[in-house]
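# Fold and geometry: a report
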Protein chains: 2
Amino acid sequence: MIKVTVLGAGNVASHLAKALADANQVELVQNFNRKGIQLLPQLPTTSQYSELLEADVFLVAVGDNAITEVAQQLKQVKGVVAHTSGAISINVLQAVERPGVFYPLQTFTKGMPVALDTVPICLEANAAQDLEILQKLGKTLSSSVHHINSLQRRQLHLAAVFCSNFTNHLMYLTQQICEDKGVAYELLLPLIKETMHKLEVMGPFTAQTGPARRNDTDTMQAHLQQLNGRDLQEIYKAMSHSILHTYGNEL
Amino acid sequence: MIKVTVLGAGNVASHLAKALADANQVELVQNFNRKGIQLLPQLPTTSQYSELLEADVFLVAVGDNAITEVAQQLKQVKGVVAHTSGAISINVLQAVERPGVFYPLQTFTKGMPVALDTVPICLEANAAQDLEILQKLGKTLSSSVHHINSLQRRQLHLAAVFCSNFTNHLMYLTQQICEDKGVAYELLLPLIKETMHKLEVMGPFTAQTGPARRNDTDTMQAHLQQLNGRDLQEIYKAMSHSILHTYGNEL
């Protein structure tokens with residue numbers, strides 16, 4: 001049994017607590033959060049650092065800005081203290097004795113269940129035995145557990161902004177462009193599906209199509225005039241420039 | 001039986017010819033292309049306009065810039081002359097007697113088979129009876145056949161650039177960002193999959209996450225410094241500004 005305490009009450013904390021409560025070989029000891037919010041029905045909850053019980057791993061699943069402050073309060077604990085952030089170095093945990101990172105590379109949303117079993121869990125620790133505990137813990141949740149250093153994790157986190165956050169926003173803009181002229185967005189769903197399929201089969205470099213790919217300046221100029229608003233135009237320009245440069249063309 | 005001739009030898013022409021050859025209730029009469037390329041083994045092919053036989057529908061599946069020129073050569077034909085472009089108005093076909101549009105809203109790549117049966121086919125014609133013939137033809141290929149005017153089709157085409165071409169390029173950039181620090185791009189595949197799933201379940205407005213969504217200026221500044229090259233930075237800025245403005249924030 002690995003004894004685990006989760007700190008925080010946000011999306012990552014909630015999803016991790018739920019998954020750990022269901023995991024074999026894990027005893028979820030406590031949840032700590034400042035407001036004393038009850039994350040799970042049976043889970044002992046505290047808002048006082050002085051009431052923290054001993055555990056093998058303390059998962060600090062709080063906002064990036066709060067990690068250092070929470071770590072200051074965990075100087076005395078004997079277990080591994082691992083934060084769960086993609087962007088933050090392990091070094092912010094220097095106040096604690098056994099720092100680590102336990103970063104699940106996934107997008108979590110309140111109330112939306114996520115199967116963690118294929119989610120990559122990116123681990124880091126300063127001591128080999130601490131890494132080993134985190135690996136054991138990771139494997140109770142997922143078959144995809146990886147030792148990734150802070151520099152690489154930060155890069156993954158940045159890449160995730162492009163492939164997840166920005167992709168999602170492109171779909172929002174697509175909806176807006178459709179609504180602007182009363183066209184049903186749903187007409188584009190087969191195209192989106194095929195785009196994702198081609199990505200898998202051919203890879204994105206070969207799969208690229210569109211006006212910027214064929215250096216079709218007439219169509220690009222027409223699109224820029226057609227677009228409603230500066231933000232859309234700036235995105236269109238920046239994306240098209242990047243595609244043109246990728247394939248050796250210049251506007 | 002609807003008699004159809006396909007003009008052109010590019011991606012759209014090839015995919016349409018193949019699908020029409022397999023369709024019930026369609027007789028594929030000829031393919032025309034300037035170089036006399038044989039698109040399909042059994043298909044009569046010509047490079048001379050004077051050799052064109054009569055047909056119910058002539059599908060002009062050539063590059064956007066060549067449509068007007070081809071239409072000039074089809075003044076004498078009795079069938080409906082429909083181009084297959086998303087961006088071009090029906091008005092460029094004014095030289096012909098019975099102009100129309102037959103636009104399959106999909107991304108076509110040479111050598112990559114596409115099932116057309118759920119692909120939206122966007123139709124337009126000036127005369128009701130011509131629209132009817134195009135609808136009959138469309139239904140031999142797909143269950144998703146729509147009457148869409150030139151303005152709306154142009155808008156769909158623009159939206160398709162955002163959700164297909166730009167999304168694909170974001171995935172290319174994601175790969176580059178990973179390679180830059182020797183991280184395996186494959187670690188992001190579960191995230192991409194979940195992003196697409198959330199889109200379907202919640203819609204993009206609600207599904208949005210990331211530093212720009214929570215107005216996390218520290219992370220955005222750090223990401224901009226971390227990005228290698230001006231194109232990536234410009235895309236990051238343009239996308240982040242648009243997300244900030246969508247949710248009522250200002251940098």
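Our structure is the block above this text.
Here's a quick rundown of the structure. Since we're looking at a predicted model, the values are computed, not measured.

What counts and how
- Each residue is numbered by its place in its chain's sequence as written, counting from 1.
- Lettering for chains starts from A, numbering for ligands starts from 1, and both go in the order in which the items are written.
- It should be noted that, the model being predicted, local features are given only for residues of pLDDT at least 70 and side-chain atom pairs only at 80 or more, the latter also being counted only at that level, while totals for whole chains, interfaces and linings use all residues.
- Note that water and hydrogens are dropped before the side-chain values are worked out from all heavy atoms of the structure.
- In DSSP terms, a helix is any run of H or I states spanning at least four residues, a strand is any run of E spanning at least two, and both are numbered starting from the N terminus.
- For the radius of gyration, the atoms used are the C-alpha atoms, and the globule rule reads 2.2 Å times the number of residues raised to 0.38.
- For every residue, the accessible area (1.4 Å probe, protein chains only) is compared with the maximum for its type, and the residue is labelled buried under 20%, exposed over 50%, or partly exposed between those bounds.
- In this description, contact between two residues means that some pair of their heavy atoms is separated by no more than 4.5 Å.
- Per-residue accessibility takes into account occlusion by the displayed protein chains alone, with areas from the Shrake-Rupley method and a 1.4 Å probe.
- None of His or the chain ends enter the tally, which takes Lys and Arg as positive and Asp and Glu as negative.
- In this description, the location of a charge corresponds to atom NZ of lysine, CZ of arginine, CG of aspartate or CD of glutamate.
- The criterion for strand pairing is that DSSP finds at least two bridges linking the strands in question.
- The least-squares superposition of copies is restricted to C-alpha atoms, and to residues with a pLDDT of at least 70 in both copies.
- Think of a 1 Å grid over the protein atoms and nothing else: a 1.4 Å probe that fits but is trapped marks a cavity, an open set flanked by protein within 12 Å on at least five of seven lines marks a pocket, and residues with an atom within 4 Å of a point count as lining.
- Grid points are joined across faces, edges and corners, and a volume is the space filled by probe spheres set on the points.
- Residues are grouped as follows: Ala, Val, Leu, Ile, Met, Phe, Trp, Tyr, Cys and Pro are nonpolar; Asp, Glu, Lys and Arg are charged; every other residue, Gly included, is polar.
- Throughout, an axis means a line fitted to C-alpha atoms (over the contacting stretch in the case of helices), and angles, computed between N-to-C directions, take values from 0 to 180 degrees.

Our focus in this paragraph is the overall build of chain A. Across its full length, chain A holds eight helices and eight strands. Relative to its length of 251 residues, chain A is extended, with a C-alpha radius of gyration of 23 Å against a globular reference of 18 Å. Dimensions of chain A along its principal axes, counting C-alpha atoms only, are 65 × 35 × 30 Å. The proportion of buried residues among the 251 residues of chain A is 57%. Contacts in chain A between residues at least 24 apart in sequence constitute 53% of all its contacts with a sequence separation of at least 6. With an accessible surface of roughly 11100 Å², chain A has 47% of that area assigned to carbon and sulfur atoms. Positive and negative charge centroids in chain A, built from 19 and 22 side chains respectively, lie 2 Å apart.

Another point: the pairing of strand β4 (residues 57-60) of chain B. All names here are of chain B. Burial along β4 is two-sided: Val-57 and Leu-59 and Phe-58 and Val-60, pointing in opposite directions, are all buried. Pairing of strand β1 (residues 2-7) with β4 involves four bridges; the strand directions are parallel. Counted as the bridge partner of Leu-7 is Val-60 from β4. The pairing of β4 with strand β5 (residues 80-83) spans four bridges and is classified as parallel. When the sheet's bridge partners are listed, Leu-59 is paired in β5 with Ala-82.

With that out of the way, let us pick up the relation of the copies chain B and chain A. The relation between the two chain copies is a rotation about an axis coupled with a shift along that axis. The transformation that overlays chain B on chain A combines an axial shift of 0.0 Å with a rotation of 180 degrees, and the residual RMSD is 0.0 Å. One copy is carried onto the other by what is essentially a two-fold rotation axis. Residue B:Thr167, judged by its C-alpha, is the member of chain B lying nearest the rotation axis, at 2.9 Å. Interface residue correspondence from chain B to chain A reaches 100%, placing this contact among same-surface, isologous pairings.

What follows deals with the layout of surface pockets. Here the largest pocket is characterised by a volume of approximately 1100 Å³. Lining the largest pocket are 42 residues, and of these A:Arg214, B:Val12, B:Val62, B:Gly63 and B:Asp64 sit closest to its centre. At the level of elements, α1 (11-22), α2 (67-72), β6 (99-104) and α4 (150-180) of chain B are the ones that each hand at least two residues to the lining of the largest pocket. It is α4(B) that provides the largest number of residues to the lining of the largest pocket, a total of five residues. Looking at the lining of the largest pocket residue by residue, the classes come out as 18 nonpolar, 17 polar and seven charged.

This next bit is on the sheet that holds strand β2 (residues 26-32) of chain B. Residue and element names in this part refer to chain B. A sheet is described by the order of its strands in space; here eight strands give the open sequence β3-β2-β1-β4-β5-β6-β7-β8, paired in mixed fashion. A strand with exactly one partner marks an edge of an open sheet, and here the two such strands are β3 (45-46) and β8 (145-147). Pairing of β2 with β3, which is carried by two bridges, proceeds in the parallel orientation. Bridge pairing links Asn-31 to Thr-45 in β3. Across the sheet, helix α3 (residues 128-141) is in contact with β1, β2, β4, β5, β6, β7 (121-125) and β8; its angle to β7 comes to roughly 165 degrees.

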